[in-house]
Amino acid sequence: MNSMQQRLVGTLASRLGWSVFFASVAIIAVSAGSYQYIGLQSDLRWIETKVHEIGDSHISSVSDRVWVADYKSLTIDLKGMLEVGSVKYAQVIDEKGKMLAQVGTPPEQGIFEYKRPITYQLEGKEIALGTLTIVATTAAVYEKFLITAIDSVLIFSIQIFLVVGLVLWLFNRNVTQHLRAISIFAERIELSNIDQTLTLDRRKKNTVDELDIFLASLTGMQHQLNESVSALKASEERLSLTLDCIGDAVIATDEKGLVVRMNPVAEQLTGWLSSEGIGRRISEIVPIIDAITGRTIDNPIEKALETGEIVSLSNSTTLIAKHGRQVQIADSAAPIRDHQNEIIGGILVFHDVTDEYRVREHLRETQKRLILHVEQTPLGVIEWDNNLTVTDWNPAAEKIFGYSKEEAVGKHYKDLLASPVDAEGIEGRWDVFVDGSVANTYLLENLDKSGKYLHCEWYSTPLLDEDGEMIGVASLVLDVTERIDTQQALVQHRAEQEMLLSYMLDAVISTDSSGAIESLNASAEIMFGHREEDIVGKELRILLPEETWAEYEELIKQPVRKRGRGTLAKIYEVMAIKKNGQRFPMRFSIGVP
């Protein structure tokens, strides 16, 4: 295709050329047909007029000939009618249909027939004699019409094609070639060369036409598109940087749940590269199961696409990575909507909570054990608010004090457990405890549900919030009534024993298992010259000569470990030393309590 063909041939030019061609054909057909039709109708009307004139001019003569039955003259008159070129046949018949005269041959086609009744005036009366029929042919008229139609079509065609050719040439020169240049520019423009500009080779003129306006609009839209593309690229880069820098895994899908974007954290957690994952179903990239039951969980992004709502998963969700590695995750999914609120995709955000899950499980197990400890410990565990009102009460507390948890919770300490003696000092102790916010240990006298007095050992510690403010108190309580009673009985027994020993004439010295002196009676103080407070805690051998220590070690310690409890029957005689160093003989025996 040469350059001229390239200039004249194009989609728009082709359509325009064919449109003009068919329009020209239609115009030629309509105009030539109209012109010839008008001429044809004129010729047909001329034939009709002539036939009527012939009939009107000869009707009187024909009437006379028929009246006198001069059929020879009648035939001559009819032949005179044939002198008109279009008339081919004429006849006269009487009232009964009898042919009186006829001339010529009836034509086979293109027939125009004229009939006129023949009458005769006699004494004022009109007598019907027959009918005059004249037949003309229109074949010559139609032949003339065909010849002139062909000539007209040729003439009109030449004229119209000349005009149309000139119009097409001018249109191509001033419009089509510029539109073609704009079209080629629009086809070749891409994001990589969107900043290029288009300049048309047109003559300069003072007025602005539609093509100038169109080119200006196209250039404006190109600049706007260039700015939009630049802004979109910048936004895309910022989005990519944001997604790449974010600490959570982010996966975006289309409306069918096929992956369209993955950030590096998502690649790391799932084990799938972005190039591998794009185009795959989200359930294949992020298969998840319940960490407790091991059952497969529906992917939340598929639920979000189906329901159009944000979907979050439980804390016990496990991701099965590409190579089988299990990762504990927390995630949520949401649909992505366009400006018409139509769902065009979804986004899944999740992060690795494996360590947090382990800590949480450890805390849960610890809490379980703590609850079991609180429930099963023999110590009463009681929690109070800042007003010293019970908020929790374990089974051991129920056993100690006789109140059920339902009965105790909500009661003040003073109304629930305090004895008359304890009630007098509780407010002061509580104020000191609250102000100090430190753990304290108390031995208190309490009352149980039946009114029985109990000796209880309390260990209370404050419960502090994140800001260090006290929000309550936790107390451990142990019923030590039996121990206190035993201790008091023991103290009384010891006092009685000491009183008994003080009145004995024999010296009595008690030691521990290592031989350290624990006590001695008044007789022993007199015998050895030592006061009890000076000698308690010292070795018994300081009362014996040094050269006999080894002997006495074996004598005093070994029998005690071998013979068990009770007083030894054997009596020993040894030398002893007073405080002032004086030696004296002494008899003694050993007893084990």
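See the structure above.
Bear in mind that the values here come from a model prediction, so they are computed numbers and not experimental data.

Definitions and cut-offs
- Residues numbered from 1 in each chain as written.
- Predicted model: local features only at pLDDT ≥ 70, side-chain atom pairs only at ≥ 80, totals over all residues.
- Heavy atoms only, no water.
- Helix = DSSP H or I, 4+ residues; strand = E, 2+ residues; numbered from the N terminus.
- Buried < 20%, exposed > 50% of the residue type's maximum accessible area, 1.4 Å probe, protein only.
- Contact = heavy atoms within 4.5 Å.
- Areas by Shrake-Rupley, 256 points an atom, 1.4 Å probe, with all protein chains shown as cover.
- Pairing = 2+ DSSP bridges.
- Axes fitted to C-alpha atoms, helices over the stretch in contact; angles between N-to-C directions.
- Phe/Tyr/Trp six-rings, centres within 6.5 Å; stacked < 30°, edge-to-face > 60°.
- Lys NZ or Arg CZ within 6 Å of the ring centre and 35° of its normal.
- Salt bridge = Lys/Arg side-chain N within 4 Å of Asp/Glu carboxyl O.

Student: Tell me about the overall build of the protein chain, and please be specific about residues and values.
Tutor: The helix and strand inventory of the protein chain stands at 18 helices and 23 strands. The burial tally for the protein chain puts 32% of its 593 residues in the buried class. A sequence separation of at least 24 residues applies to 48% of the contacts in the protein chain between residues at least 6 apart. Roughly 37,600 Å² of accessible area belongs to the protein chain as shown, and the carbon and sulfur atoms make up 55% of that amount.

Student: Got a sec to walk through the side chain of Asp254? Specific residues and values, please.
Tutor: Mapped onto the secondary structure, Asp254 falls in strand S5 (residues 249-254). In this view, Asp254 contacts Val260, Leu305, Ile344, Gly345 and Gly346; residues no more than four positions away in its chain are not counted.

Student: I'd like a description of the sheet that holds strand S2 (residues 99-104), backed by residues and values.
Tutor: What holds strands together in a sheet is hydrogen bonding between their backbones, with the strands either parallel or antiparallel. Reading across the sheet, the four strands line up as S2-S1-S4-S3 and stay open at both edges, with antiparallel pairing between neighbours. The sheet terminates laterally at S2 and strand S3 (111-122), the two strands that pair on one side only. For this sheet, the mean inter-axis angle between neighbouring strands, taken without regard to orientation, is 15°. Bridge count for strand S1 (residues 87-94) against strand S4 (residues 125-137) is seven bridges, and the pairing is antiparallel. Its bridge partner being in S4, Gln91 is matched across the sheet by Thr133. Sheet strands touched by helix H3 (residues 71-81): S1, S2 and S4. Its angle to S2, the strand with the most contacts, is close to 30°.

Student: Which residues make up the packing of aromatic side chains, and what values go with them?
Tutor: Evaluation of the coordinates by the stated rule reveals seven aromatic pairs. Pairing Trp384 with Tyr413 gives two aromatic rings, centres 5.7 Å apart and planes at 75°, and the pair type is edge-to-face. With Trp384 in strand S13 (residues 380-384) and Tyr413 in helix H13 (residues 413-416), the pair connects residues that are 29 residues apart, well separated along the chain. On the basis of relative accessible area, Tyr413 is assigned to the buried category, the value being 3%. When the ring of Tyr413 is compared with that of Trp458, the centres are 5.9 Å apart and the planes differ by 85°; the resulting orientation is edge-to-face. Linking Tyr413 in helix H13 with Trp458 in strand S16 (residues 453-464), this pair joins segments that are 45 residues apart in sequence. Grouping residues by exposure puts Tyr413 and Trp458 together as buried. Here the aromatic cluster, defined as three or more aromatic residues joined through ring pairs, consists of Trp384, Trp393, Phe401, Tyr413 and Trp458. Lying across the ring of Trp272, Lys322 places its NZ or CZ 4.6 Å from the centre.

Student: Explain the sheet that holds strand S17 (residues 470-479) to me, and be specific about the residues and the numbers.
Tutor: Ordered by their spatial adjacency, five strands build an open sheet running S14-S13-S17-S16-S15, and the pairing between neighbours is antiparallel. This sheet does not close on itself; its edge strands, each paired only once, are strand S14 (390-393) and strand S15 (440-447). Averaged over all pairs of adjacent strands, the angle between their axes in this sheet comes to 30°, without regard to strand direction. Across eight bridges, the pairing between S15 and S16 is antiparallel. When the sheet's bridge partners are listed, Asn446 is paired in S16 with Leu454.

Student: Explain the pattern of salt bridges residue by residue, including any values.
Tutor: Under the criterion given, the structure shown has 13 salt bridges. Note that Arg116 and Asp56 form a salt bridge whose closest N and O atoms lie 2.5 Å from each other. With Arg116 in strand S3 and Asp56 in helix H2 (residues 11-68), the pair connects residues that are 60 residues apart, well separated along the chain. Look at Asp56 and you get partly exposed, because its relative accessible area is 44%. Linking Lys322 and Glu276 is a salt bridge whose minimum nitrogen-to-oxygen distance equals 3.2 Å. Of this pair, Lys322 sits in the loop between strand S10 (317-320) and strand S11 (326-337) while Glu276 sits in helix H7 (residues 274-277), and the two are 46 residues apart along the sequence. When salt bridges that share partners are traced, they join Arg531, Glu533 and Asp534 into one network.

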